[in-house]
Amino acid sequence: VGHCHPDIVNAAHEQNQLLNTNSRYLHDNLVDYAERLSKTLPEKLCIFYFLNSGSEANDLALRLARQYTEHEDVIVLDHAYHGHLTSLIDISPYKFRNLEGQKEWVHVAPVPDTYRGLYREDHENSATAYANEVKNIIEHAHERGRKIAAFFAESLPSVGGQIIPPAGYFQKVAEYVHKAGGVFIADEIQVGFGRVGKHFWAFQLQGEDFIPDIVTMGKPIGNGHPLACVATTKEIAEAFAATGVEYFNTFGGNPVSCAVGLAVLDVIEKENLQAHATEVGNFLMKILKEQQIKHPIIGDVRGCGLFIGVDLIK
């Protein structure tokens, strides 16, 4: 919502003057914020865990998935990056290929890239073809006695090349993953909060019939303030609580962070930033496509709202 936005600065300052404490102590801001966030999401995503960073959110999502499914293995997209914790380096091909390599519980699916990928724009049904790659991975894992806990993907792969997956891809993947007893985790850390313009969440680009089991948020959620969140279903949260080991995060969801989070939502709404992302994004796409006609080095221009990629070729 912009550097040093006065509404955000003021919300943090006001709450700081009143009270900031760790989250052992109850405070209305936490509940008010969860309630506001829930209005932006499908109804079944109604349980919220607050944390300090996107990496913490993705790590918790992994724990939730494993506890709920009682499985270990994770399917990720090639070139993905999900955070800097050890658990997330393990599921980030972008990182682990330069470090210790791929763990046996990690399976890498091809990026659903219709420009450079296995199945391109001229393919009769690229969504199904890419989803079938995931289906094959699941079948091969089962042959080896492995069990899938989660398919873990950014709703729009960012580090992997600003990719817009073909419509219907996530629905088919979710079907295969659910059949295997796993859950679908949508990482919205870079692409959520209205960035794509026409929707508040990037996973909604796939259609109303697609709802992830877990959604993770970070980066824009606090406009520079350390704040992150995991949203999930009652069933998954209950399975997590059933261990008797409560989830606790000292500063996750503290009163100041929640005041900032509420102010961010206010500004997005008040300043019509979703519509703004659509308008400016469309303008940028238009002028980039004009450049593409002039310059053969621009192979592809793709994007949605203010999530845009320019693919340069030789």
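As the structure is a prediction and not an experimental result, all values here were calculated from the model. Numbering of residues starts from 1 in every chain and runs along the sequence as written. Given that this is a predicted model, residues contribute local features only at a pLDDT of at least 70 and side-chain atom pairs are listed and counted only at 80 or more, while totals for whole chains, interfaces and linings are drawn from all residues. To get the side-chain values, take all heavy atoms of the structure and skip hydrogens and water.

### So, a nonpolar patch on the surface
Then, in step 1: A cluster of nonpolar side chains, contributed by V280, F283, L284, I287 and L306, occupies part of the molecular surface with about 370 Å² of accessible area.
Then, in step 2: Helix and strand assignments follow DSSP, with helices taken as H or I runs no shorter than four residues and strands as E runs no shorter than two, numbered in order from the N terminus. Its place among the elements puts L284 in helix α10 (residues 273-294).
Then, in step 3: Judged by relative accessible area, which is 32%, L284 ranks as partly exposed. Each patch is built from salt-bridge-free residues with over 30% relative accessible area, joining like charges within 9 Å and nonpolar side chains (Val, Leu, Ile, Met, Phe, Trp, Tyr) within 5 Å. Only the protein chains shown count as covering a residue, and every accessible area follows the Shrake-Rupley method with a 1.4 Å probe. Salt bridges are defined as contacts in which a side-chain nitrogen from Lys or Arg sits within 4 Å of a carboxyl oxygen from Asp or Glu. Throughout, exposure labels follow a simple rule: accessible area from a 1.4 Å probe, protein chains only, divided by the maximum for the residue type, with under 20% read as buried, over 50% as exposed, and the rest as partly exposed.

### Here's the deal with the layout of surface pockets
Then, in step 1: By volume, the largest pocket is sized at about 390 Å³.
Then, in step 2: A cavity here means a set of points on a 1 Å grid, drawn over the protein atoms and nothing else, where a 1.4 Å probe fits but cannot get out; a pocket is an open set with protein on both sides within 12 Å along at least five of seven lines, and a residue lines either one if it has an atom within 4 Å of a point. What lines the largest pocket is a set of 14 residues, among which S23, L30, F48, Y49 and F50 lie closest to the centre.
Then, in step 3: Of all the elements in the fold, those that place two or more residues in the lining of the largest pocket are α2 (28-38) and β1 (47-51).
Then, in step 4: Under the scheme applied here, ten amino acids are nonpolar (Ala, Val, Leu, Ile, Met, Phe, Trp, Tyr, Cys and Pro), four are charged (Asp, Glu, Lys and Arg), and all others, including Gly, are polar. Taken together, the residues of the lining of the largest pocket sort by class into nine nonpolar, three polar and two charged.
Then, in step 5: Grid points are joined across faces, edges and corners, and a volume is the space filled by probe spheres set on the points. Size it by volume and the second largest pocket reaches roughly 320 Å³.
Then, in step 6: When contributions to the lining of the second largest pocket are tallied by element, the ones reaching two or more residues are α9 (255-270) and α10.

### Some words on the nonpolar core
Then, in step 1: Residues belong to one nonpolar core when they are buried, are Ala, Val, Leu, Ile, Met, Phe, Trp, Tyr or Cys, and are joined through side-chain atoms within 4.5 Å. One finds Y33, L37, V134, F151, Y169, F193 and M217 to be the most contacted residues of the largest nonpolar core, which totals 54 residues.
Then, in step 2: Sort the elements by how many residues they give to this core and α9 lands first, with nine residues.
Then, in step 3: The contact criterion used throughout is that any non-hydrogen atoms of two residues lie within 4.5 Å. In contact with L37, other than residues within four places in its own chain, are F48, F50, F193, W201, M217, C229 and L265.

### Focus on the packing of aromatic side chains
Each pair of aromatic rings is reported with the distance of its centres and the angle of its planes.
Then, in step 1: Put simply, two rings from Phe, Tyr or Trp (the six-membered ring, in Trp's case) pair if the centres are within 6.5 Å, and we call them stacked under 30 degrees between planes, edge-to-face over 60, tilted for the rest. Scanning the entire structure with this criterion turns up 16 aromatic pairs.
Then, in step 2: Judged by centre distance (5.3 Å) and plane angle (25°), the rings of Y33 and F50 are stacked. Of this pair, Y33 sits in helix α2 while F50 is found in strand β1, placing the two residues 17 residues apart along the sequence.
Then, in step 3: Looking at Y33, the relative accessible area reads 0%, which means it is buried.
Then, in step 4: The exposure class assigned to F50 is buried, which follows from its relative accessible area of 6%.
Then, in step 5: Residues Y119 and Y130 carry aromatic rings whose centres are separated by 5.1 Å and whose planes lie at 80° to one another, so their mutual orientation is edge-to-face. Of this pair, Y119 sits in the loop between β3 (106-109) and α6 (126-143) while Y130 sits in helix α6; the two residues are 11 residues apart in sequence, bridging distant segments of the chain.

### A few points about the packing of α2 against α9
Then, in step 1: In this analysis an axis means a line fitted to C-alpha atoms, helices contributing only their contacting stretch, and an angle means the value between N-to-C directions, from 0 to 180 degrees. Where α2 contacts α9, the two axes come as close as 9 Å, and the packing angle between them is 30°. Overall, the two elements α2 and α9 adopt an arrangement that is roughly parallel. Judged by the twist between their axes, the crossing of α2 over α9 is left-handed. Of the residues in α9, those in contact with N29, L30, D32, Y33, R36 and L37 of α2 are P255, C258, A259, G261, L262, L265, D266 and E269. Each angle is binned into one of four classes, with values under 35 degrees roughly parallel, values over 145 roughly antiparallel, values of 65 to 115 roughly perpendicular, and all other values oblique. Handedness of each helix crossing follows the sense of rotation of the near helix against the far helix: counterclockwise by less than a right angle gives left-handed, clockwise gives right-handed.

### Overview of the domain arrangement of the protein chain
Then, in step 1: The assigned domain composition of the protein chain is domain 1 (6-271) and domain 2 (272-313).
Then, in step 2: Contact with domain 1, which involves 23 residues of that partner, is made by 18 residues of domain 2.
Then, in step 3: Here domain 1 packs against domain 2, burying approximately 1600 Å² in sum over the two surfaces, 54% of which is carbon and sulfur.
Then, in step 4: Take the accessible area each of two parts loses on contact, using a 1.4 Å probe, and add the two losses: that sum is the buried area. For domain 1, the biggest contributors to the area lost against domain 2 are Y115, Q162 and R195; these three give 34% of the whole.
Then, in step 5: In this structure, the connection of domain 1 to domain 2 is made through one salt bridge.
Then, in step 6: Here R116 ties to D311 by a salt bridge, and the two come within 2.6 Å at their closest N and O atoms.
Then, in step 7: Whenever two N or O atoms come within 3.5 Å, that pair is a polar contact, provided that in protein one can donate a hydrogen and the other can accept it, and provided that, for residues adjacent in sequence, both atoms are side-chain atoms. Put simply, domain 1 and domain 2 have 15 residue pairs in polar contact (both at pLDDT 80 or more) between them.
Then, in step 8: Its residues assigned to classes, the side of domain 1 that touches domain 2 shows 11 nonpolar, six polar and six charged. What counts as a domain boundary in this text is fixed by an automatic or database domain assignment.

### A closer look at the pattern of salt bridges
Then, in step 1: Using the criterion set out here, one finds 15 salt bridges in the structure.
Then, in step 2: A salt bridge links K270 to D7, with the nearest nitrogen and oxygen atoms 2.5 Å apart. Separated by 263 residues along the polypeptide, K270 in helix α9 and D7 in helix α1 (residues 6-18) bring together distant segments of the chain.
Then, in step 3: Here E269 makes a salt bridge to R36, at a shortest N to O gap of 4.0 Å. A residue pair is termed long-range when its members are at least 10 positions apart, and E269 in helix α9 and R36 in helix α2 qualify at 233 residues.
Then, in step 4: On the basis of relative accessibility, which here comes to 59%, the residue E269 falls in the exposed class.
Then, in step 5: Taking the relative accessible area as the measure of exposure, R36 reaches 23% and is therefore partly exposed.

### Overview of the pairing of strand β5 (residues 183-187)
Strand residues, when the strand is regular, have side chains that alternate between the two faces of the sheet.
Then, in step 1: Of all five residues that make up β5, five are buried, and the element is covered over most of its length.
Then, in step 2: Because side chains alternate across β5, one face comprises the buried residues V183, I185 and D187, and the other comprises F184 and A186, equally buried.
Then, in step 3: Only strands joined by at least two bridges in the DSSP assignment are considered to pair. Note that strand β4 (residues 148-154) and β5 share five bridges and pair parallel. Directly across from A150, in β5, lies its bridge partner V183.
Then, in step 4: A crossover connection joins β4 to the parallel β5 through helix α7 (residues 169-179); in handedness this β-α-β unit is right-handed.
Then, in step 5: Note that β5 and strand β6 (residues 214-217) share three bridges and pair parallel. Opposite A186, over in β6, you have V215 as the bridge partner. A right-handed crossover is one whose linking path, passing over the helix from the first strand to the second, runs clockwise when the strands point away from the viewer.

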